[in-house]
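Chains, contacts and geometry: an overview
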Amino acid sequence: MNIIFFGSGKISIPAFEALLSSRNKICCVVTQPDAKKGRGLAESMTPVKALAQAHSVEVFQPATLKDDFVFETLKKYNPDLFVVIAYGQLLPEKILNIPKIFSVNAHASLLPEYRGAAPINWALINGEKKTGVSIIKMVKVMDAGPIIRQKEIAIMLQDNALTLENKLANLAAEELIQALISIEQKNYKLKEQDEAKVSFAPKLKKEDGRIDWEKPAEQIINLIRGCAGWPGSFTYYKGKILKIYQASVRDSTDVQGGVNKGQISGFSEDSIIIATGRGTLAIQELQIEGKKRMSAREFLSGHQMRVGEIFGKK
RNA sequence: CGCGGGGUGGAGCAGUCUGGUAGCUCGUUAGGCUCAUAACCUAAAGGUCAACGGUUCAAAUCCGUUCCCCGCAA
């Protein structure tokens, strides 16, 4: 089949690789335009573009899909199928209807739950025990199309957004290939999503990563796990932003009276222990503004922290 | 030329404003204590203070330039 691949995020890489080594022909790859990223003025391309170039696949980077020029360009390839995974933009109906068969999307959740841009992160933040990958036929509404294949996976306690994304990326690649085979052989079934069970996972904002120390330790840990990578979870210490990379629940029972939430309640050999709304948690890896990421042990070597100091105040 | 923090023995930091003997918490090595220990005590090794240039009797510290790391913003 002639396929046009839409993808931008890291999660789409295994699927893209799987497609490249399948019997299908990738006519062209559509990915987000190079962004002028920050500190200096470095231009950065999506990982998908880098991989496409390495395989000499044509790359197309329209700023918007609403342009007629985009429609004409894609039409010219005469594609059988569009494969979309973590592209980063809604595909207009006109575009979706270009391929002869239809457009397929791989989504990292058990649809109809967690529709939207950040399903992996929200599943972790909400403390879900399982998630998965759904392969759907695309319709006009974001992530609302009928399901072709769906595969469940357990969320491990030690999983964070990065490790889970990795697992789901590989799973998505496998499921996608299977789905393509069944589509080619025309022996697939479509299962409509149950609209009553729809939930949403909107794109995360930086602010979503701010830790609320009033919450129970478990919930804070879930936030840290869910925000790993981007946007990262953070709090404040002595007026500076303090990012927390690795932490675990130390004690999930009630805190003794009089202890302020966010207070340093002690230290162990390798971690800083903080009181929360319910229970305590142990920070193992962190980063203060302007410094490198380091272990709690390293941090404590150079910073005199005291029991009773408060986290979370600017 | 977007804003800001930083580069000091192996790690993390102080010292820089107000130039004048290289400091702290660890780690490493050796010895001691101990039934024993990653605990405790003692000692030692380990630095061209990012680089180059300037000012000065004297520069980690003041001035100029460059390189590198990081946070914000996107």
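Quick look at the overall build of chain A
Of regular secondary structure, chain A possesses 8 helices and 15 strands. Each principal axis of the C-alpha atoms in chain A carries an extent, and together these give about 70 × 45 × 30 Å. Across the 314 residues of chain A, 49% fall into the buried class. Within chain A, contacts between residues separated by at least 24 positions form 66% of all contacts whose residues are at least 6 apart in sequence. Total accessible area computed for chain A in this model is approximately 16,100 Å², and 50% of it derives from carbon and sulfur atoms.

Quick look at the confidence of the model for chain A
Looking at chain A as a whole, its pLDDT mean stands at 92, while 96% of the residues score no less than 70. As a predicted assembly, this complex carries a pTM of 0.90 together with an ipTM value of 0.87.

As for the nonpolar core
Judged by nonpolar contacts, the single largest core of 44 residues is most densely connected at Phe5, Leu19 and Leu81. At 12 residues, helix H6 (residues 161-184) tops the list of elements feeding residues into this core. If sequence neighbours within four positions are ignored, Leu19 has contacts with Ile3, Phe5, Asn24, Ile26, Val83, Leu176, Ile177 and Leu180. Membership of the second largest hydrophobic core comes to 27 residues, among which are Ile125, Ile272, Ile288 and Met305.

Brief notes about the packing of helix H1 (residues 13-20) against helix H2 (residues 47-54)
The geometry of a pair of packed helices is captured by two quantities: the angle between their axes and the separation between those axes. In the contact formed by H1 and H2, the axes pass within 10 Å of each other and the chain directions differ by 20°. If you check the angle between H1 and H2, you find them roughly parallel. When the axes of H1 and H2 are compared, the crossing they make is right-handed. Judged by residue contacts, Ile13, Phe16, Glu17 and Leu20 of H1 engage Pro47, Val48, Leu51 and Ala52 from H2. Looking at the contact of H1 with H2 residue by residue, the classes come out as 7 nonpolar, no polar and 1 charged.

Topic: the packing of H1 against H6
Running from amino to carboxyl end, H1 crosses H6 at an angle of 40°, the nearest separation of the two axes being 7 Å. Handedness of the crossing formed by H1 with H6: right-handed. Residue-level inspection shows Pro14, Ala15, Ala18 and Leu19 of H1 in contact with H6, the latter providing Ala169, Asn170, Ala173, Leu176, Ile177 and Leu180.

A closer look at the packing of aromatic side chains
With the rule as written, the count across this model stands at 8 aromatic pairs. Between Phe5 and Phe16, the ring centres sit 4.8 Å apart and the planes meet at 10°, which makes this aromatic pair stacked. Here Phe16 lies in helix H1 and Phe5 lies in strand S1 (residues 2-7), a separation of 11 residues in the sequence. One aromatic cluster in this structure is built from Phe6, Phe82 and Tyr87. Directly above the aromatic system of Phe71 lies the positively charged group of Lys94, at a separation of 4.5 Å from the ring centroid.

Section: unusual backbone geometry
The omega angle of the peptide bond from Leu111 to Pro112 is 15°, so this bond is cis rather than trans. By secondary structure assignment, the location of Pro112 is in the loop between strand S7 (102-107) and helix H5 (119-125). Its identity as a non-glycine residue notwithstanding, Tyr114 has a phi of 60°, on the positive side. Inspection of the secondary structure assignment puts Tyr114 in the loop between S7 and H5. The buried category is assigned to Tyr114, whose relative accessible area is 8%. Within the chain, Asp143 stands out as a residue other than glycine whose phi angle is a positive 60°. Mapped onto the fold, Asp143 is located in the loop between strand S8 (130-137) and strand S9 (147-154).

Points about the environment of Glu174
By secondary structure assignment, the location of Glu174 is in helix H6. Overall, the relative accessible area of 49% leaves Glu174 in the partly exposed class.

Details of the sheet that holds S9
Backbone-to-backbone hydrogen bonds pair the strands of a sheet. The strands run either parallel or antiparallel. The 7 strands are arranged S5-S2-S1-S6-S7-S8-S9 in an open sheet whose pairing can be described as mixed. Each edge of the open sheet is held by one strand with a lone partner, namely strand S5 (59-60) and S9. Against the sheet, H1 touches S1, strand S2 (25-30) and strand S6 (81-85), its axis set at about 150° to S2.

Comments concerning the side chain of Asn24
In this fold, Asn24 is placed in the loop between H1 and S2. Relative accessible area serves as the criterion here: at 13%, Asn24 is assigned to the buried category. Only 3.3 Å separates the side chain of Asn24 from the backbone nitrogen of Met1, close enough to count as a polar contact. Among the polar contacts listed, one links the side chain of Asn24 to the side chain of Ser22, at a separation of 3.0 Å. Setting aside residues no more than four positions away along its own chain, Asn24 makes contact with Met1, Ile3, Leu19 and Leu180.

Parameters at a glance
Residues numbered from 1 in each chain as written. Chains lettered and ligands numbered in written order. Predicted model: local features only at pLDDT ≥ 70, side-chain atom pairs only at ≥ 80, totals over all residues. Heavy atoms only, no water. Helix = DSSP H or I, 4+ residues; strand = E, 2+ residues; numbered from the N terminus. Buried < 20%, exposed > 50% of the residue type's maximum accessible area, 1.4 Å probe, protein only. Contact = heavy atoms within 4.5 Å. Areas by Shrake-Rupley, 256 points an atom, 1.4 Å probe, with all protein chains shown as cover. pLDDT = per-residue confidence, 0-100. Core = buried A, V, L, I, M, F, W, Y, C linked by side-chain atoms within 4.5 Å. Axes fitted to C-alpha atoms, helices over the stretch in contact; angles between N-to-C directions. Parallel < 35°, antiparallel > 145°, perpendicular 65-115°, else oblique. Left-handed = near helix turned anticlockwise from the far one by under 90°. Nonpolar A, V, L, I, M, F, W, Y, C, P; charged D, E, K, R; others polar. Phe/Tyr/Trp six-rings, centres within 6.5 Å; stacked < 30°, edge-to-face > 60°. Lys NZ or Arg CZ within 6 Å of the ring centre and 35° of its normal. Pairing = 2+ DSSP bridges. Polar contact = N/O pair within 3.5 Å; in protein donor to acceptor, adjacent residues only side chain to side chain.

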